[in-house]
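Descriptive analysis of the structure
The lines below spell out each chain.
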Amino acid sequence: MAGFLSSSIGKKFLMSLSGLFLILFLAVHATLNSLLLVGPEAYNEAANFMATNPFIKVMEPILALGFIIHIVYALILEVSNMGKVGPVGYKMAKRSHQSTWSSRNMIYLGLIILTFLVIHLANFFWKVKFGGAPEIEGTNMHDTYKLVTDLFKSSLIIDIIYLIGAIALGLHLHHALWSAFQTLGWSNDRWRKIWSVIGDIYAIVIAMIFGLIPLYFYFIN
Amino acid sequence: MANKTINIKLRVWRQNGPSDKGHFETYELNDVPTAASFLEMMDLLNEKLINEGKDPVAFDHDCREGICGACSMYINGRAHGPDTGITTCQLHMRLFKDGETITVEPWRAKAFPVIKDLMVDRSALDEIIKAGGYISVNTGGAPDANTIPIPKDVAERAFDAANCIGCGACVATCKNHSAMLFVAAKVSHLALLPQGQVEAERRAKAMIAKMDELGFGTCSNTGACEVECPKGISISFIAKLNREYLKANLIP
Ligand code: HEM
Ligand code: SF4
Ligand code: FES
């Protein structure tokens, strides 16, 4: 088993499982976020349900672990692959003829997502956990709706940072889903096409939800 | 058409030996018949260099009919040049324009050190084969093989994988310099057939361990290998290799 996890395919196995787990998490996260468009009651109810639910309490550290595994192995693979180039690189390489831009830039897209993640956690997660978030009058529940929408309404810079994060995520997901199933061996000529289509639809929906909601609050609501 | 010729400029990688730093040298070559293959054009260049008392460009070649995989050259940014589904010896000068500058580089990868000029040492691929790309028992001659009935689609799929000629274009093209397409082809064509199935698990493990050891990178599924493979090996075989490897390691 130790031998397996240090092999090239073993490391990619961990990348693909952690990545698919993050894809599931994003689906839940995006669904909750869409409630921002329904209204304060609906969103706060869902947010407080998430904050108090024991299942979510258990999942939180597992989610953090999922991110850590994915990021640590991304860096391990990237550094090791950089060492495989040899003494001289190509003078001329028509890479865009051979592969998608996303597939070649997963690490840079990932690093943008990571930077976004830090900003995002500082904006909301930190305040809800460690103080600074408004409360709903007459209760001791957080008014997460107010926390989120106040920020989105107040700063176009923040909204643009969220848009950039969402675009990077969408491009990451353009390659991610079919690639993960390829790594897990669950693919062939036919399934590769199916996974790619599902992955692209998922990527577009997720990027729109995360990227457009902040702008909606700034410009429209 | 038949007698058409072009004048070209060649920007060729020259490197005196494995430890030499290497550099590009530019040569002008006139009256190259468009019906010539790329290697015939290289022969013309070398004839000219020899006549001028210069050192000819070293490059690998053997069959010159697209089956041995020796003629490794990275031409204008692509393995085996601008055509698809062919090796360099099957590339023809009619695909190039009059007056064009053509950049010719060796396969560049840590696992393929340059021997001289455009010639690289691809023996790391042989080492991977030695680690498990064979069947340990004598399975008899062709008539014996034919006594084991194999469904036609399976036989054809095995043959699709067996088409790999070990040229190394996949490694040369991959941004990670992974040999996954090569190993996938070798593991798959044996794993698909009854004679090879017995040792499938041991083979997948041993060949991947060797690949990792010899300085090839890991697969990011960019799919670039498949685009440049002269034999059209599909990355679906990489999925199959992953499946074989995961099965060998995770299913007791
Ligand atoms: C929520 C966010 C994320 C999701 C849903 C996600 C999902 C995925 C998935 C499914 C894959 C495909 C795995 C495979 O090819 O087997 C992948 C690959 C990758 N991810 Fe992420 N990822 C996320 C964040 C990140 C972050 C923060 C980084 C890093 C710094 C990162 C870096 C990478 C890299 C470098 C690869 C390609 C690895 C390779 O094939 O060599 N990802 N991601
Ligand atoms: S898989 Fe294709 S590119 Fe790679 S060694 Fe075999 S024939 Fe060459
Ligand atoms: S010389 Fe044999 S394939 Fe080109």
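Scroll up to find the structure this text is about.
Quick summary incoming for the structure in this document. Small disclaimer: the values here were computed from a predicted structure and weren't measured.

1. Details of a nonpolar patch on the surface
All names here are of chain A. The grouping of Ile 112, Leu 156, Ile 160, Ile 164, Tyr 218, Phe 219 and Ile 220 at the surface amounts to a nonpolar patch, some 660 Å² of accessible area in total. Of all the secondary structure elements, the ones that give two or more residues to the nonpolar patch are helix H9 (156–183) and helix H10 (189–219). The element that contributes the greatest number of residues to the nonpolar patch is H9, accounting for three residues. Relative to the assigned elements, Ile 164 resides in helix H9. Owing to a relative accessible area of 46%, Ile 164 belongs among the partly exposed residues under this scheme.

2. Quick word on the packing of helix H8 (residues 144–154) of chain A against H10 of chain A
All names here are of chain A. Contact pair H8 / H10: the axes reach a minimum separation of 7 Å and the direction vectors enclose 75°. When the interaxial angle is binned, H8 and H10 end up roughly perpendicular. Of the residues in H10, those touching H8 at Tyr 145, Thr 149, Phe 152, Lys 153 and Ser 154 are Ile 213, Pro 214, Phe 217 and Tyr 218.

3. A closer look at the coordination of the iron atom of ligand 1
Residues and elements named next belong to chain A. Bound to the iron atom of ligand 1 on the protein side are His 70 (NE2) and His 172 (NE2), at distances that span 2.0 to 2.1 Å. For the iron atom of ligand 1, the six donor atoms in the first shell make angles of 88 to 179° at the metal, a pattern classed as octahedral. With His 70 in helix H4 (residues 54–82) and His 172 in helix H9, this residue pair connects regions lying 102 residues apart in the sequence.

4. Looking at the nonpolar core
By size, the foremost hydrophobic cluster in this structure holds 68 residues, and its most contacted members are Leu 173 of chain A together with Phe 112, Ile 128, Val 183 and Phe 216 of chain B. No other element matches the nine residues that H9 of chain A contributes to this core. Built from parts of two domains, this core gets at least three residues from each of domain 1 (5–116) and domain 2 (123–250) of chain B. Among residues more than four places away in sequence, those in contact with Phe 216 of chain B are Lys 84 of chain A together with Ala 111, Phe 112, Ala 124, Leu 125, Ile 128, Val 171, His 177, Ser 178, Ala 179 and Met 211 of chain B. The next biggest cluster of nonpolar side chains, apart from the first, holds 28 residues, and it includes Ala 36, Leu 39, Leu 49 and Met 73 of chain B.

5. Remarks on the interface of chain B and chain A
Across the contact, 49 residues belong to chain B and 39 residues belong to chain A. Interface area lost by chain B to chain A is led by Lys 175, Thr 218 and Asn 221 of chain B, which between them contribute 16%. Where chain B packs against chain A, one counts one salt bridge. In this structure, the salt-bridge partner of Arg 192 of chain A is Glu 226 of chain B, at a minimum N-O distance of 3.7 Å. Of all the secondary structure elements, the ones that give two or more residues to the side of chain B that touches chain A are strand S1 (5–14), strand S5 (101–105), helix H5 (169–173), helix H8 (200–213), helix H9 (224–228) and helix H10 (236–250) of chain B.

The rules behind the values
- Residues numbered from 1 in each chain as written.
- Chains lettered and ligands numbered in written order.
- Predicted model: local features only at pLDDT ≥ 70, side-chain atom pairs only at ≥ 80, totals over all residues.
- Heavy atoms only, no water.
- Patch = residues over 30% accessible without salt bridge, like charges linked within 9 Å, V, L, I, M, F, W, Y side chains within 5 Å.
- Areas by Shrake-Rupley, 256 points an atom, 1.4 Å probe, with all protein chains shown as cover.
- Salt bridge = Lys/Arg side-chain N within 4 Å of Asp/Glu carboxyl O.
- Helix = DSSP H or I, 4+ residues; strand = E, 2+ residues; numbered from the N terminus.
- Buried < 20%, exposed > 50% of the residue type's maximum accessible area, 1.4 Å probe, protein only.
- Axes fitted to C-alpha atoms, helices over the stretch in contact; angles between N-to-C directions.
- Parallel < 35°, antiparallel > 145°, perpendicular 65-115°, else oblique.
- Contact = heavy atoms within 4.5 Å.
- Donors = N, O, S within 2.8 Å, 3.2 Å for Na, K, Ca; no water.
- Tetrahedral: all angles 85-135°; square planar, octahedral: opposite > 155°, others 65-115°.
- Core = buried A, V, L, I, M, F, W, Y, C linked by side-chain atoms within 4.5 Å.
- Domains from an automatic or database assignment.
- Buried area = accessible area lost by both parts, 1.4 Å probe.

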